[in-house]
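In case you want the letters, here they are:
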Amino acid sequence: MQVIKKSLEGLVEIIPTVYKDERGSFFETYNKQEFEAHGLPTHFVQDNQSFSKKGVVRGLHFQREPYAQGKLVRVIMGRVLDIAVDIRPDSPTFGQYEAIELEAERGNIFYLPEGFAHGFAALEDSIFIYKCTNLYHKASEGGIIWNDPDININWQVSNPIVSQKDLQLSTFKAYFKQALS
């Protein structure tokens, strides 16, 4: 397993060792001992799965303290552009984002610690799965509109399909007004 630190503190891409032969392939998606050796969390309390048609954009979602979640994300079918936005007001990269392409065939995995808003665009029909370090808590959920002009994410989707709920999310500046002043 290869662990690659990304440009924003705390974000890592995990490239599993894939064993292939004439029958197919095998790789570990989680190994407590390996995660501990790389300083990654090992306590996950919830697994989620979604199916998204090509062109769907989900996010940007997060949960506020004390219910903030770290997420270990990957796709088991298809390909997505995964996005992590730093929403830690004291971080030197507050308001910046990291984009990573997750591919089922490649098997790469992305870890986002607490303090990041998360979203993705389905570049193909995709099944997306993720582990969370904390349980979902409706009253603590928050979000930033997917097409926020200040974050300016290139989602690589020409006609995005976005839920009504996600279309109602506020801008980064509006949500973090106090932290930005």
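This section reports on the structure supplied with the text. Within each chain, residue numbers correspond to sequence positions counted from 1 in written order. For this predicted model, a pLDDT threshold of at least 70 governs which residues receive local features, and a threshold of 80 or more governs which side-chain atom pairs are given and counted, while totals over whole chains, interfaces and linings are taken from all residues. Derived side-chain values reflect all non-hydrogen atoms in the structure, with water molecules and hydrogen atoms excluded from consideration.

**Remarks on the pattern of salt bridges**
Take a side-chain nitrogen of Lys or Arg and a carboxyl oxygen of Asp or Glu: if they are within 4 Å of each other, that pair is a salt bridge. Scanning the model with the defined rule gives 11 salt bridges in all. Notably, a salt bridge pairs Lys32 with Glu36, separated by 3.9 Å at the nearest N-O pair. Here Lys32 pairs with Glu36, and both are found in helix H1 (residues 32-37), just four residues apart, close to one helical turn. For Glu141, the salt bridge identified is with Lys165, shortest N-O distance 3.2 Å. Of the two residues, Glu141 is situated in strand S13 (residues 141-143) and Lys165 in helix H2 (residues 164-167); the sequence distance between them amounts to 24 residues. We classify Glu141 as partly exposed; its relative accessible area is 23%. Among the residues examined, Lys165 registers a relative accessible area of 49% and is labelled partly exposed. Bridged by salt links that share partners, the residues Lys6, Glu13 and Arg106 form one connected network. Numbering of helices and strands runs from the N terminus; a helix is a DSSP stretch of H or I covering at least four residues, while a strand is a stretch of E covering at least two. For every residue, the accessible area (1.4 Å probe, protein chains only) is compared with the maximum for its type, and the residue is labelled buried under 20%, exposed over 50%, or partly exposed between those bounds.

**Quick word on the packing of aromatic side chains**
Within 6.5 Å between ring centres, the rings of Phe, Tyr and Trp (the latter by its six-membered ring) count as paired, and their orientation is classed by plane angle as stacked under 30 degrees, edge-to-face over 60, tilted in between. Within this structure, the stated rule accounts for 11 aromatic pairs. Between Tyr30 and Phe35, the aromatic rings sit 4.9 Å apart at their centres with planes inclined by 65°, giving edge-to-face as the arrangement. Residue Tyr30 is classed as partly exposed on the basis of its relative accessible area of 26%. Residues Phe120 and Phe128 carry aromatic rings whose centres are separated by 4.1 Å and whose planes lie at 15° to one another, so their mutual orientation is stacked. Judged by relative accessible area, which is 4%, Phe120 ranks as buried. Clustering of aromatic rings is evident, with ring pairs tying together Phe62, Phe94, Phe172, Tyr175 and Phe176. Over the aromatic face of Tyr30 sits the side chain of Lys131, whose NZ or CZ is 5.9 Å from the ring centroid. Both a distance and an angle decide whether a charge sits over a ring: NZ of Lys or CZ of Arg must be within 6 Å of the ring centre and within 35 degrees of the ring normal.

**Remarks on the sheet that holds strand S2 (residues 12-15)**
With antiparallel pairing, the six strands of this open sheet are ordered in space as S1-S2-S10-S7-S12-S5. Edge positions in the sheet fall to strand S1 (2-5) and strand S5 (46-52), since each of these pairs with one other strand and no more. Pairs of neighbouring strands in the sheet enclose a mean axial angle of 20°, with direction left out of account. Pairing of strand S7 (residues 71-77) with strand S10 (residues 109-112) involves three bridges; the strand directions are antiparallel. When the bridges of S10 are listed, Leu72 appears paired with Tyr111. In this analysis, strands are considered paired if DSSP registers two or more bridges between them. In this analysis, axes come from line fits to C-alpha atoms, helices being fitted only over the stretch in contact, and the angle between any two N-to-C directions falls in the range 0 to 180 degrees.

So, to be careful, I would describe these as geometric facts and stop short of saying anything about function.
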